[in-house]
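Notes for the structure review
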Amino acid sequence: TTFKDNYSASKGAALYLKNLDNVSLDQTNGNNTSTAYIYNFENNVSLENGGAIYNDNSNLSLTAIYFKNNESKKNGGAIYSTVNSKNDLSRIHFE
């Protein structure tokens, strides 16, 4: 799955998460030796925070995810999380 060339005049061009209990993107399906990136976030642009992902008060888990050329005009080119958010990030590639 590729989230590519998305645009937001506000927050989170590809994903906007708000008050969600458990959001998980894990492309390994339990296979921790996988090197392929199934979830890709490329060339997403937000005029505020979170070029690819904006996380507001949600529990977010990302495993083996690829981010390339995401941009925010304020904060968090790839990911922006508010203070009440919880993030579990593993094997994340930023380019």
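This text follows the structure it describes.
Quick notes on the rules
- Residues numbered from 1 in each chain as written.
- Predicted model: local features only at pLDDT ≥ 70, side-chain atom pairs only at ≥ 80, totals over all residues.
- Heavy atoms only, no water.
- Phe/Tyr/Trp six-rings, centres within 6.5 Å; stacked < 30°, edge-to-face > 60°.
- Helix = DSSP H or I, 4+ residues; strand = E, 2+ residues; numbered from the N terminus.
- Buried < 20%, exposed > 50% of the residue type's maximum accessible area, 1.4 Å probe, protein only.

**Regarding the packing of aromatic side chains**
Scanning the entire structure with this criterion turns up 5 aromatic pairs. Ring plane angle 10° and centroid distance 4.7 Å describe the contact between Phe-3 and Phe-41, whose orientation is recorded as stacked. Here Phe-3 is found in strand S1 (residues 2-4), whereas its partner Phe-41 is found in strand S5 (residues 40-42), with 38 residues between them in sequence. On the accessibility criterion, Phe-41 (0% relative accessible area) is buried. Taken together, a centroid distance of 5.1 Å and an interplanar angle of 15° make the contact between Tyr-16 and Tyr-54 stacked. Taken together, the positions of Tyr-16 in strand S3 (residues 15-18) and Tyr-54 in strand S7 (residues 53-56) put the pair 38 residues apart, joining distant regions of the chain. Taken together, the ring pairs connect Phe-3, Phe-41, Phe-67 and Phe-94 into an aromatic cluster.

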